[in-house]
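Descriptive structure summary
What follows is the residue order along each chain.
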Amino acid sequence: MSDVAIKGLSKAYGPQPVLRAVDLYVPDGSITSVLGASGCGKTTLLRIVAGFVRSDAGSVTIGGRLVEDPVTCVAPQHRGVGYVPQEGALFPHLDVAANILYGLPRRARTKSRLTEMLEIAELSPSLTGRYPHELSGGQQQRVALARALAPAPTVVLLDEPFSSLDARLRVSAGREVARVLRHAEATALIVTHDQGEALSLADQVAVMREGRFVQVASPSDVYDAPADPATAEFVGGGTVLDAEVRGGVAKTAAGELVVEPAVEGHARLVVRPEQVEIVAAGEETPATVSEVDYYGAQVVVHLELRDGTAIMARGPASRPPSVGDLVGVVVQGSVRGYGVDA
Amino acid sequence: MSRPSAALVAGAAVAVLTLIPLGYIVWATVEMGPGELHDLLIRPRVGELLGNTVTLLVGTVVATTVIGVAAAFVVVRTDVPFRPLWHVLLAAPLAVPAFVNSYGWVSLTHAVQSYQGAVLVVTLSYYPLVYLPVVAALMGLEAAPEDVARSLGRSSWRTFWTVVLPRLSPAVLGGALLVGLHVLAEFGALQLLAFPTFTTAIYGQYRSAFAGDAGTVLAGVLVTLCVLLLTLELLARGRRRYARVGRGAGHPAERIVLGRRAPAVLLALLGFVTLTLGVPLASLAHWLAVGSSTEFPMGELSSALGSTVALALAGTAVTTLLALPVAWLAVRRRGPAAMLVERGTYVANALPGIVVALALVAVSIRAVPPLYQTLPLLLVAYAILFLPRAVVSVKASLENAPPLLDDVSRSLGQSAWSTFRRVTLPLVAPGIGSGAALVFLAISTELTGTLLLAPIGTTTLATEFWNNSSSVQYGAAAPYALLLILVSIPATFLLARQATRKPTVAEPVVLAA
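Bear in mind that the values here come from a model prediction, so they are computed numbers and not experimental data. (Residues numbered from 1 in each chain as written. Chains lettered and ligands numbered in written order. Predicted model: local features only at pLDDT ≥ 70, side-chain atom pairs only at ≥ 80, totals over all residues. Heavy atoms only, no water.)

Thoughts on the overall build of chain A
Within chain A, the regular secondary structure consists of 8 helices and 20 strands. With the C-alpha coordinates of chain A rotated into their principal frame, the extents come out at 75 × 45 × 35 Å. Looking at chain A residue by residue over its 342 residues, the buried ones come to 53%. Taking contacts inside chain A between residues at least 6 apart in sequence as the whole, the part at least 24 apart equals 64%. Summed over all atoms, the accessible surface of chain A reaches about 14,900 Å², with 51% contributed by carbon and sulfur. When the 31 positive and 40 negative side-chain charges of chain A are each reduced to one mean point, those points stand 10 Å apart. (Helix = DSSP H or I, 4+ residues; strand = E, 2+ residues; numbered from the N terminus. Buried < 20%, exposed > 50% of the residue type's maximum accessible area, 1.4 Å probe, protein only. Contact = heavy atoms within 4.5 Å. Areas by Shrake-Rupley, 256 points an atom, 1.4 Å probe, with all protein chains shown as cover. Lys, Arg positive; Asp, Glu negative; His and termini not counted. Charge placed at Lys NZ, Arg CZ, Asp CG, Glu CD.)

Observations regarding the overall build of chain B
A count of helices and strands for chain B gives 23 helices and 0 strands. The C-alpha radius of gyration of chain B comes to 23 Å, within 12% of the 24 Å expected for a compact globule of 513 residues. Dimensions along the principal axes, computed over C-alpha positions, put chain B at roughly 65 × 60 × 50 Å. Carbon and sulfur atoms make up 69% of the accessible area of chain B, which amounts to about 21,600 Å² in all. (Rg over C-alpha atoms; globule rule 2.2 N^0.38 Å.)

As for the UniProt feature "domain: ABC transporter" (unreviewed entry) in chain A
Look at the UniProt record and you will see "domain: ABC transporter" (unreviewed entry) annotated at residues 4–235 of chain A. With 32% helix and 27% strand, residues 4–235 of chain A has end C-alpha atoms that lie 25 Å from one another. (UniProt positions renumbered as here; feature names shortened; annotations may be inferred.)

Digging into the pairing of strand β8 (residues 188–192) of chain A
All names here are of chain A. Of all 5 residues making up β8, 5 are buried, and the element is well covered by its neighbours. The pairing of strand β3 (residues 31–35) with β8 spans 5 bridges and is classified as parallel. Counted as the bridge partner of L35 is T192 from β8. Where strand β7 (residues 155–159) meets β8, 4 bridges bridge the pair, whose relative direction is parallel. Across the sheet, L158 pairs through a bridge with I190, a residue of β8. Once you follow β7 into helix α5 (residues 167–183) and on to β8, the crossover reads as right-handed. (Pairing = 2+ DSSP bridges. Right-handed = clockwise from strand over helix to strand, strands pointing away.)

Quick word on the packing of helix α6 (residues 98–106) of chain B against helix α22 (residues 461–469) of chain B
Residues and elements named next belong to chain B. Running from N to C, α6 and α22 point in directions that differ by 25 degrees, and their axes come no closer than 11 Å. Of the possible angle classes, the one that applies to α6 and α22 is roughly parallel. Note on packing geometry: the crossing formed by α6 with α22 is left-handed. The residues of α22 that touch α6, namely those facing F99, V100 and Y103, are A462, F465 and S469. Here the contact of α6 with α22 is built from residues that sort into 5 nonpolar, 1 polar and no charged. (Axes fitted to C-alpha atoms, helices over the stretch in contact; angles between N-to-C directions. Parallel < 35°, antiparallel > 145°, perpendicular 65-115°, else oblique. Left-handed = near helix turned anticlockwise from the far one by under 90°. Nonpolar A, V, L, I, M, F, W, Y, C, P; charged D, E, K, R; others polar.)

Considerations on the domain arrangement of chain A
All names here are of chain A. Splitting chain A by domain gives domain 1 (4–229) and domain 2 (237–339). Each of domain 1 and domain 2 has a C-alpha centre, and these two points are 38 Å apart. Taken residue by residue, the interface counts 8 residues in domain 1 and 8 residues in domain 2. Carbon and sulfur atoms supply 52% of the area that domain 1 and domain 2 bury against each other, a total of about 630 Å² over both sides. The largest per-residue losses of area from domain 1 upon contact with domain 2 belong to Y223, P226 and P229, which jointly make up 77% of the total buried on that side. Residue classes in the side of domain 1 that touches domain 2 are distributed as 6 nonpolar, no polar and 2 charged. (Domains from an automatic or database assignment. Buried area = accessible area lost by both parts, 1.4 Å probe.)

Some details on helix α5 (residues 83–91) of chain B
Of the residues making up α5(B), those classed as buried are B:W86, B:H87, B:L90 and B:A91. Looking down the long axis of α5(B), one finds its buried residues gathered within 125 degrees of arc, a one-sided arrangement. (Arc of directions from axis to C-beta.)

Some thoughts on the side chain of A:Q77
Its location among the elements puts A:Q77 in the loop between β5 (65–68) and β6 (81–84). Residue A:Q77 is classed as buried on the basis of its relative accessible area, which comes to 12%. Side chain to side chain, A:Q77 and B:R410 meet in a polar contact 2.9 Å long. Setting aside anything within four residues of it in sequence, one finds A:Q77 in contact with B:R410, B:G413, B:Q414, B:S415 and B:A416. (Polar contact = N/O pair within 3.5 Å; in protein donor to acceptor, adjacent residues only side chain to side chain.)

Let's talk about the interface of chain B and chain A
How big an interface is tends to be stated in terms of accessible area lost as the parts join. Across the contact, 25 residues belong to chain B and 25 residues belong to chain A. Between chain B and chain A lies a buried interface of about 2,400 Å² when both sides are counted; carbon and sulfur atoms form 61% of it. Here A:R47 and B:D407 are joined by a salt bridge, their closest N and O atoms 2.7 Å apart. Counted by class, the side of chain B that touches chain A contains 13 nonpolar, 8 polar and 4 charged residues. (Salt bridge = Lys/Arg side-chain N within 4 Å of Asp/Glu carboxyl O.)

A closer look at the environment of B:V227
Residue and element names in this part refer to chain B. Among the structural elements, V227 can be located in helix α13 (residues 213–237). Take V227: its relative accessible area is 37%, and that puts it in the partly exposed class. Note: C-alpha distance between V227 and L120 (107 residues apart in sequence) is 25 Å.

A short note on the environment of A:R268
All names here are of chain A. Take R268: it is sitting in strand β14 (residues 265–271). Overall, the relative accessible area of 33% leaves R268 in the partly exposed class. It is 9.2 Å that separates the C-alpha atoms of R268 and D228, two residues lying 40 residues apart in sequence. Residues in contact with R268, not counting those within four places in the same chain, are P229, V240, L241, D242, R336, G337, Y338 and V340.

Overview of the sheet that holds strand β19 (residues 326–331) of chain A
All names here are of chain A. An order of β15-β19-β16-β17-β18 is seen for the 5 strands of this open sheet, with the pairing classed as antiparallel. This sheet does not close on itself; its edge strands, each paired only once, are β15 (276–279) and β18 (310–316). Each neighbouring strand pair of the sheet contributes to a mean axis angle of 45 degrees, computed without reference to strand direction.

Observations concerning unusual backbone geometry
Residue and element names in this part refer to chain A. Here the bond from E260 into P261 is cis, since omega is -10 degrees, no more than 30 degrees from zero. Relative to the helices and strands, P261 is located in the loop between β13 (255–260) and β14. Of note in this structure, A89 is not a glycine but carries a positive phi near 45 degrees. Looking at the secondary structure, you find A89 in the loop between β6 and α2 (96–101). Although it is not a glycine, E160 adopts a positive phi angle of roughly 45 degrees.

Brief notes about the confidence of the model for chain B
All names here are of chain B. Across chain B, the average pLDDT comes to 83, with 91% of residues at 70 or higher. Mean pLDDT across the elements of chain B ranges from a minimum in helix α9 (residues 144–151), with 72, to a maximum in helix α7 (residues 115–126), with 94. Confidence over residues 243–249 falls short of pLDDT 50; this stretch has 9 contacts with residues more than four positions distant or in other chains. Considering only residues more than four positions removed or in separate chains, one finds that residues 502–513, a stretch of pLDDT under 50, has 20 contacts. (pLDDT = per-residue confidence, 0-100.)

Some points on the pattern of salt bridges
Residue and element names in this part refer to chain A. In the structure shown here, the tally under the stated rule is 15 salt bridges over all chains. A salt bridge links R179 to E122; the shortest N-O distance between them is 2.9 Å. Of this pair, R179 sits in helix α5 while E122 sits in the loop between α3 (111–120) and α4 (137–149), placing them 57 residues apart in sequence. Judged by its relative accessible area of 36%, E122 falls in the partly exposed class. A salt bridge links E274 to R314, with the nearest nitrogen and oxygen atoms 2.9 Å apart. Of the two residues, E274 is situated in the loop between β14 and β15 and R314 in strand β18; the sequence distance between them amounts to 40 residues. Relative accessible area serves as the criterion here: at 38%, E274 is assigned to the partly exposed category.

Re the packing of α9(B) against helix α10 (residues 156–185) of chain B
Residues and elements named next belong to chain B. One can describe the packing of α9 onto α10 by two numbers: an axis separation of 10 Å at closest approach and a directional angle of 145 degrees. The two elements α9 and α10 cross, and the hand of that crossing is right-handed. On α10, the residues that touch P145, E146, A149 and R150 of α9 are S156, T159, V163, V164 and R167. Classifying every residue of the contact of α9 with α10 by side-chain character gives 4 nonpolar, 2 polar and 3 charged.

So this is what it looks like as structure tokens:
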């Protein structure tokens, strides 16, 4: 396995820029997820790294070897990248064994290699004779991963690998795939629009918006210190309030809030839903319950402050309020502030 | 990327080849000048032919579509008894060439020598061209949308009209287009039925004046009709895509339980099969048994059989090879250029074999005289005539091999060639096989092109049959008709099986990147 370095990568389809001078470094043996809404350019980035699409400018280096720049273009089959597309895209005319061994030279298509790959992908040996349409979605996904890993690629690219699975399966399949990747000490690039997936599976999260990376950081940094309010809303969600900050404190409809990092003047504040605590009416900032989303262990409460500002609270579901209740809200801890050039 | 441009060059070359006959007609028409053109075009004879051809076209296309869709629905979607048997019987008329079917009817009663008779006989011969693709499409149709429609309060009848039929429309339109093109090109059957259309009229003109201007003008009108038909189909198909959304294997629809309606449906099927197979086969048996002119010249029969099979095999190989780049372009490089190439290859299919043949004669004599009356020229004629059959099948199977699988294969270290050999080819092979079967079928029963282009001394089953039946020696024609049917059976069987074969592959759903 080896590292991937992407420098100044640009791509446009006609007049429409898809990637705008993108930089990304994926360290050897680590997992990076590229997180973004659909149409932000993340799949194009992956396809350029894989060699299916040419870039307009910039370069891609895999394990110190230049594979893509305006004059160089190493063909996909010579890049040594494993590719796991959406839905797995198993070869429908081949059984599991033939799918997994597909990328190996004829002599290397041995029973022992097959067994090894089945073990890595945590697939039962009884599946080897099955055809793709006889497998569950999760099994198909792991066969696709085993197929990609079998020729020992330098890097594995996964394009929305779990989007075809149902919610419960998605979490377990994600965990399994991450475990397989770590076990194989693979360098991996996972493209996803699911923030939970991006944060839980990867060592590094690259948040993409309109063809640019707005933040490349560890999952906890992306969540705790999002680069801007839009990133905060996309990753984790929350309420964005406009406020004046004086001396590190902002007066808002939700009360006086401590702002970090210290900004002065016009600012946009991000209040995470888990920071908002609901208390009895009277003592604190009054609010009216406008909607209650019940999730079993958790409850998300949408509140309306007196001036009409909407704010969201998330907490344990013991004795949730009812719609129309008059309650008080308290914001715990400091909130992220982003200066606005007025 | 070298492949797309190579495919485009190859596809364009094939299209140019197939457009030679058309080019010849246009050139010859332009050459004769507007005055003569006007005189030849504006006359009662042309009006009469136009009326005959268009009414026959409309009548048969409507009848084959209704019958083909209804028969496919009964076989695939109801619990009618003996379903596999009915499927074979309903596909079987493909093995009876239209002119043999026509011979069966005409030698029985001259009452079919009318418009109604022509529609009847041609419909009975050509409805499988709608039936087979609709069976295949119905079997591949996921039932969930129908379930949804029923749950939204639609009756089963309205569900069929609003949810099933629209998704079948590519198959129905494709089949109807093939029927239309066949009707425009049909010669033997209509000649025996004494129902003059442009094609039979052109034959008469060419027989009397080799490559006279009158025939060329009629051919020009015929080509115009063909282009109109292609345009109509294109407009009807539009830009809609009927891709399945979602994933998983899907589930087939529940069969409709016929219950007390079963006897009526069985009776209808039995009556229909009696018309399609019973009449021509009984007539053939009659002439084989009692015909006074019947004889079995074994030497002539076996030599005609041998040359028919050899010509059909060689022609099929050439045609299938030429269809590959065209289908590839149409599926993988969608765009105006690919569309032009694909539609270009369709045009020749509406030209009667004799027009293609004479155009090739004229062009070869001017450009490459040594090719005149040789095997290669005959094979080129077959390829031009039957390319659409191969293209339609190969195209459909290419849809089963999405480019995403190529990407995966490339990322696994396989070259473009290796990817083609290990992924694309196995996935498209069944389609290529059925396309080849269609072409084999067509060539082994091809009449007019062979009559004119075959090297001197080469006789086929079709030409021998024609020589006898057109001179009203029904008995002498019978053994050749029997052999024509026998030769066509394996390919027909292959096609019938292809249409109902359970897809062993779950089509991966490919979402746009």
